[in-house]
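Structural characterization, general
The primary structure of each chain is shown beneath.
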Amino acid sequence: MGNTRQKSTGYRARTRDLFSRPYRAKGTIGLSTYMRTFKVGDRVDVVANAAQHKGMPFKFYHGRTGIVWNVTKRAVGVEINKIHRQRQIKKRIHVRIEHVRKSHCDDQHKARCEENDAKKKLAKEAGEPIDLKTLKRQPEGPKPSMVVKHKKTSVETLTPLPYVFKAKNNTENRGDVKYNPKKEIPPIPGPVLEDDE
């Protein structure tokens with residue numbers, strides 16, 4: 001008969017699992033959440049916290065990374081890119097600090113910038129020109145060659161044995177008797193059947 005009811009299309013539709021808190025993380029929000037400081041230009045991750053209903057972002061922005069463009073008393077303004085058809089729109093939203101956490105997306109870039117600055121400083125103090133190739137990331141090359149050494153013992157070559165099928169009292173199919181062509185296979189215990197004459 002098909003669907004006979006109206007599907008909900010509310011503001012928080014289909015967010016039962018999206019906004020649910022993880023295991024052993026439910027309840028009151030910790031004080032460390034409110035002790036964070038955000039500055040304009042910081043990169044943050046928008047992750048909705050269902051323990052605080054106020055200032056919660058729309059479900060589209062859950063898990064998105066943006067840049068802080070405004071800081072207010074209890075919230076921060078985040079600028080997030082939204083792709084709509086063939087264009088990229090910059091959306092500006094205000095979210096309470098319970099639903100925002102600092103992003104680690106550019107930690108490696110910042111660390112690499114610090115290393116490059118240190119290299120430039122050392123080269124300037126030494127009065128030597130710095131090679132720009134050392135400041136760029138280089139792809140990881142192939143692993144170096146190595147020689148595998150073994151103990152000086154006799155080398156034993158293992159070859160597969162040829163398959164030989166010998167039907168004798170159907171003993172080769174038994175799990176308790178291993179087939180050995182050099183040894184006589186004991187017969188299966190049981191009553192002896194006489195041949196009809």
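Above this text is the structure in question.
It should be emphasised that the depicted structure is a prediction, and the values quoted were computed from it without experimental measurement.

1. Focus on the pattern of salt bridges
- Across all of its chains, the model carries four salt bridges by this definition.
- Arg96 serves as the salt-bridge partner of Glu98, at 3.3 Å between the closest nitrogen and oxygen. The two residues Glu98 and Arg96 agree in class, both being buried.
- Salt-bridge contacts for Lys110 lead to Asp106; the nearest nitrogen and oxygen are separated by 3.8 Å.
- Judged by its relative accessible area of 14%, Asp106 falls in the buried class.

2. Points about the sheet that holds strand β2 (residues 64-71)
- Read across the open sheet, the five strands follow the order β4-β3-β2-β1-β5; overall the sheet is antiparallel. Every interior strand has two partners, whereas the edge strands, β4 (87-96) and β5 (100-102), have only one. For this sheet, the mean angle separating the axes of adjacent strands, direction not counted, is 45 degrees.
- The pairing of strand β1 (residues 43-46) with β5 spans three bridges and is antiparallel. Looking across to β5, one finds that Val46 is bridged to Val100.

3. A look at a positive patch on the surface
- Together, Arg36, Lys39, Arg101 and Lys102 make up a positively charged patch on the protein surface.
- Counting through the fold element by element, Lys39 comes out in the segment before β1.

Calculation rules
- Residues numbered from 1 in each chain as written.
- Predicted model: local features only at pLDDT ≥ 70, side-chain atom pairs only at ≥ 80, totals over all residues.
- Heavy atoms only, no water.
- Salt bridge = Lys/Arg side-chain N within 4 Å of Asp/Glu carboxyl O.
- Buried < 20%, exposed > 50% of the residue type's maximum accessible area, 1.4 Å probe, protein only.
- Pairing = 2+ DSSP bridges.
- Helix = DSSP H or I, 4+ residues; strand = E, 2+ residues; numbered from the N terminus.
- Axes fitted to C-alpha atoms, helices over the stretch in contact; angles between N-to-C directions.
- Patch = residues over 30% accessible without salt bridge, like charges linked within 9 Å, V, L, I, M, F, W, Y side chains within 5 Å.
- Areas by Shrake-Rupley, 256 points an atom, 1.4 Å probe, with all protein chains shown as cover.
- Lys, Arg positive; Asp, Glu negative; His and termini not counted.
- Charge placed at Lys NZ, Arg CZ, Asp CG, Glu CD.

Interpretation note: all reported values are geometric properties and have no functional meaning in isolation.
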